[in-house]
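Here is what each chain is made of, one letter per residue.
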Amino acid sequence: MVKAAAFDCDVLVIGGGIIGLSTAYALTRAAPGTSVVVLEKEPGPARHQTGRNSGVIHSGIYYRPGSLKARFAVRGAAETVKFCAEYGIPHEVTGKLIVATGREELPRLHALAQRGRENGIPVSELGPAQMAECEPEVAGVAALRVGTTGVCDFGAVAGQLAEVSAASGAEIRYGEEVRSVDPRPWGVAVGTSSGPVVRARALVNCAGLHCDRVAELAGERPGVRIVPFRGEYYELARPELVRGLVYPVPDPAFPFLGVHLTRGVGGGVHVGPNAVPALAREGYDWSTVRPGELAAVLAWPGSWRIARRHWRYGAGELHRSLSKRAFTAAVRRLLPAVAEEDLRPAPAGVRAQAVLRDGTLVDDFMIKESARAVHVLNAPSPAATASLPIGREVARRALARLGRT
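Residues numbered from 1 in each chain as written. Predicted model: local features only at pLDDT ≥ 70, side-chain atom pairs only at ≥ 80, totals over all residues. Heavy atoms only, no water.

**Notes on the overall build of the chain**
The cut-off we apply is this: Only DSSP runs of H or I covering at least 4 residues are called helices, and only runs of E covering at least 2 are called strands; the numbering of each starts at the N terminus. The globule rule used here is 2.2 Å times the number of residues to the 0.38 power, and the radius of gyration it is set against is calculated over C-alpha atoms. Burial classification: accessible surface area is computed with a 1.4 Å probe over protein chains only, and a residue below 20% of its type maximum counts as buried, one above 50% as exposed, and the rest as partly exposed.
Helices and strands together make up the secondary structure of the chain, namely eleven helices and 20 strands. For the chain, whose C-alpha radius of gyration is 21 Å, the value lies close to the compact-globule estimate of 22 Å for 405 residues. Seen along its three principal axes, the alpha-carbon backbone of the chain occupies a region of about 70 × 45 × 35 Å. When burial is assessed residue by residue, the chain has 54% of its 405 residues classed as buried.

Here it is as structure tokens:
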């Protein structure tokens with residue numbers, strides 16, 4: 001047995017995105033005196049999914065009642081607004097419209113309204129005249145207005161979580177890439193890029209785009225593979241065309257919400273994202289290719305099953321990625337006044353989507369445990385919105401590994 005003095009920390013968190021930092025924050029509050037170290041391979045927090053999204057505080061309307069996504073998004077939306085207000089982080093509760101552009105979408109729109117009510121979310125159903133009062137330039141036959149949706153700077157939220165956690169005793173180490181994870185009877189020994197081994201009683205894996213690889217390093221068989229999907233954005237050159245947030249009616253067969261319009265905290269309007277396969281886990285453009293990572297995705301049976309099941313949808317997304325004209329045409333279904341020259345390229349993001357062997361896209365948040373570890377294996381959108389409740393849940397499970405429930 002390793003003596004207490006030989007441990008570097010009680011809980012070692014891998015990943016300095018918003019989920020890892022929220023977990024550290026929750027640990028320092030739930031169990032003061034618990035020593036926490038966070039390892040992040042980048043030089044600062046929130047460099048990937050957290051810092052490369054549309055900044056929407058999601059209401060929780062889309063998610064299956066009773067699921068972790070539904071419960072944590074609804075709770076997390078309110079907590080995110082409160083956290084931003086407490087620390088002076090730019091945010092705004094704008095509400096949003098979910099717009100049916102054709103009558104064939106009305107049944108799905110009505111089903112979405114019912115789901116929202118089941119999740120405890122106030123929803124208003126609007127006709128064309130009421131829609132025009134909210135968004136004069138948006139076209140559609142009907143819409144839902146969801147008042148609890150907002151926007152914020154999630155990168156700033158993550159930075160504040162890091163700052164508050166550090167002030168409470170957590171140690172945040174940037175530029176530390178995990179190279180090995182050695183499970184031991186007493187905990188874990190983690191090798192890092194800087195050389196030293198970090199010994200901890202319990203491990204928390206919040207590695208996002210690399211979470212399945214970290215789980216495998218730890219000797220787990222996670223049963224999923226992260227398949228990265230790139231979301232490409234444009235910025236609207238005429239932001240006055242959009243007052244708030246405008247979404248299409250989503251396709252329930254696919255986990256992406258479709259191209260939407262988002263007025264951010266700075267007043268600019270982002271348009272997107274689409275969803276195309278990325279050629280690397282951090283593949284933010286078509287020129288970024290990592291053959292080893294791509295081969296791992298192609299070797300996963302679920303990847304081919306996704307392709308066979310959703311090839312029509314995927315072909316459309318690929319076309320919109322390669323053709324600005326096609327992307328503009330998709331946007332014009334919601335916003336007819338937009339022209340191709342109104343769309344200026346903006347930074348892309350990559351979604352870490354867990355896929356089962358049979359090709360099923362994991363729909364809910366996925367958290368798995370072993371004797372000395374907690375692995376967050378699927379936490380795409382709305383994970384930023386839900387980060388505070390997710391962090392508490394992961395912290396609770398980590399403390400249970402220490403016998404400190």
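**Quick look at the packing of aromatic side chains**
Worth spelling out the cut-off: Here is the rule: rings of Phe, Tyr and Trp (six-membered ring for Trp) pair when centre to centre is within 6.5 Å. Planes less than 30 degrees apart are stacked, more than 60 are edge-to-face, and the remainder are tilted. Note on criteria: charge over ring means Lys NZ or Arg CZ within 6 Å of the ring centre, with the direction from the centre no more than 35 degrees off the ring normal.
For the structure on display, the rule yields six aromatic pairs. Between Tyr-62 and Tyr-247 the ring centres are 6.4 Å apart and the planes differ by 40 degrees, which places this aromatic pair in the tilted class. Of this pair, Tyr-62 sits in the loop between strand E3 (56-57) and helix H2 (68-87) while Tyr-247 sits in strand E14 (residues 245-248); the two residues are 185 residues apart in sequence, bridging distant segments of the chain. As far as the burial class goes, Tyr-62 and Tyr-247 line up, both buried. Three or more aromatic residues joined by ring pairs make a cluster, and in this case those are Tyr-25, Phe-83 and Tyr-87. Positioned above the aromatic ring of Trp-286, the side-chain terminus of Arg-230 is 4.4 Å from the ring centre.

**Quick look at the pairing of strand E16 (residues 269-272)**
Our working rule: At least two bridges found by DSSP between two strands are what make those strands a pair.
Direction of pairing for strand E13 (residues 224-236) relative to E16: antiparallel, over a ladder of two bridges. Its bridge partner being in E16, Tyr-234 is matched across the sheet by Val-271. In this sheet, E16 lies alongside strand E15 (residues 260-263) in antiparallel orientation, the contact comprising four bridges. Residue pairing across strands places Thr-262 opposite His-270, the latter belonging to E16.

**Some points on the packing of H2 against helix H5 (residues 154-167)**
The criterion, for reference: Lines fitted to C-alpha atoms define the axes here, with helix axes fitted over just the stretch in contact, and angles between the N-to-C directions of these axes take values from 0 to 180 degrees. Between 65 and 115 degrees an angle is taken as roughly perpendicular, under 35 as roughly parallel, over 145 as roughly antiparallel, and anywhere else as oblique. Helix crossings fall into two classes, left-handed where the near helix is turned counterclockwise from the far one by less than a right angle and right-handed where it is turned clockwise. The contact criterion used throughout is that any non-hydrogen atoms of two residues lie within 4.5 Å. Just so you know the grouping, Ala, Val, Leu, Ile, Met, Phe, Trp, Tyr, Cys and Pro go in nonpolar, Asp, Glu, Lys and Arg go in charged, and all remaining residues, Gly too, go in polar.
Across the interface, H2 lies against H5 with an axial gap of 11 Å and an inter-helix angle of 70 degrees. Classed by the angle they form, the pair H2 and H5 counts as roughly perpendicular. As H2 runs across H5, the sense of the crossing is left-handed. Seen from H2, the contacting residues are Thr-80, Phe-83, Cys-84 and Tyr-87; seen from H5, they are Phe-154, Val-157, Gln-160, Leu-161 and Val-164. In terms of residue class, the contact of H2 with H5 is made up of seven nonpolar, two polar and no charged.

**Regarding the pairing of strand E20 (residues 373-378)**
Along E20, six of the six residues are buried, which leaves the element largely enclosed by surrounding structure. Note that strand E12 (residues 197-205) and E20 share three bridges and pair parallel. Of the residues in E20, the one forming a bridge with Val-204 is Val-374.

**Observations regarding the state of the cysteines**
Quick reminder of the rule: Only a pair of cysteine sulfur atoms within 2.5 Å qualifies as a disulfide here.
Counted under the stated rule, the structure contains zero disulfides. For the unlinked cysteine Cys-84, the closest cysteine sulfur is that of Cys-152, found at 4.4 Å. Using a relative accessible area of 1% as the deciding quantity, one classes Cys-84 as buried.

**Some details on the pattern of salt bridges**
The cut-off we apply is this: Every case where a carboxyl oxygen of Asp or Glu lies within 4 Å of a side-chain nitrogen of Lys or Arg is listed as a salt bridge.
Inspection of the entire model under this criterion finds 21 salt bridges. Arg-290 is paired through a salt bridge with Glu-282; the nearest N and O atoms lie 4.0 Å apart. Residue Glu-317 pairs with Arg-320 through a salt bridge whose shortest N-O separation is 2.6 Å. With a gap of three residues between them, Glu-317 and Arg-320 both fall in helix H9 (residues 311-322), about one helical turn apart. By relative accessible area, which is 6% here, Glu-317 ends up buried.

**Notes on a positive patch on the surface**
The following threshold applies: Here the term patch refers to residues with relative accessible area over 30% and no salt bridge, with like charges joined within 9 Å and nonpolar side chains (Val, Leu, Ile, Met, Phe, Trp, Tyr) within 5 Å. The protein chains shown are the only cover counted for residues, whose accessible areas, like all others here, come from Shrake-Rupley with a 1.4 Å probe. When charges are counted, neither His nor the chain ends are considered; positive counts come from Lys and Arg and negative counts from Asp and Glu. Throughout, a charge is located at the NZ atom of Lys, the CZ atom of Arg, the CG atom of Asp or the CD atom of Glu.
Taken together, the side chains of Arg-305, Arg-308, Arg-309 and Arg-357 define a basic patch exposed on the protein surface. With a relative accessible area of 48%, Arg-357 lands in the partly exposed category.

**A look at the side chain of His-260**
Selection criterion: The term polar contact refers here to a pair of N or O atoms within 3.5 Å; inside protein, the definition further demands a hydrogen-donor-capable atom paired with an acceptor-capable atom, and it admits residues adjacent in sequence only when both atoms are side-chain atoms.
Within the element layout of this structure, His-260 appears in strand E15. In this structure the side chain of His-260 is engaged in a polar contact, spanning 2.7 Å, whose partner is the backbone oxygen of Gly-258. Leaving out residues up to four positions away in the same chain, His-260 has contacts with Ser-54, Val-246, Tyr-247, Pro-248, His-270, Val-271, Gly-272 and Pro-273.

**Examining the environment of Glu-393**
Inspection of the secondary structure puts Glu-393 in helix H11 (residues 387-401). Once the C-alpha coordinates of Glu-393 and Glu-317 are considered, the two residues, 76 residues apart in sequence, prove to be 35 Å apart. Sequence-distant contacts of Glu-393, defined by excluding residues within four places in its chain, comprise Phe-72 and Ile-367.

**A few points about unusual backbone geometry**
The residue after Gly-272, namely Pro-273, is reached through a cis peptide bond having omega 0 degrees. Summarising the element assignment, Pro-273 is placed in the loop between E16 and strand E17 (276-277). Backbone torsion omega between Ser-381 and Pro-382 reads 15 degrees, so that peptide bond is classified as cis. Within the secondary structure, Pro-382 sits in the loop between E20 and H11.

**What to know about the nonpolar core**
Across soluble globular proteins, nonpolar side chains show a tendency to be buried alongside one another. Stated formally: Residues grouped as a nonpolar core are buried Ala, Val, Leu, Ile, Met, Phe, Trp, Tyr and Cys residues, joined through side-chain atoms within 4.5 Å.
Counting residues in hydrophobic clusters, the biggest one holds 46 residues, and the most contacted among them are Val-13, Ile-18, Val-157, Leu-161, Val-204 and Ile-390. The element contributing the most residues to this core is helix H1 (residues 18-30), with seven residues. The residues touching Val-204, leaving out its near neighbours within four places in the chain, are Val-11, Leu-12, Val-13, Ile-14, Thr-23, Val-374, Val-394 and Ala-398. Membership of the second largest hydrophobic core comes to 29 residues, among which are Val-198, Cys-211, Val-362 and Ala-373.

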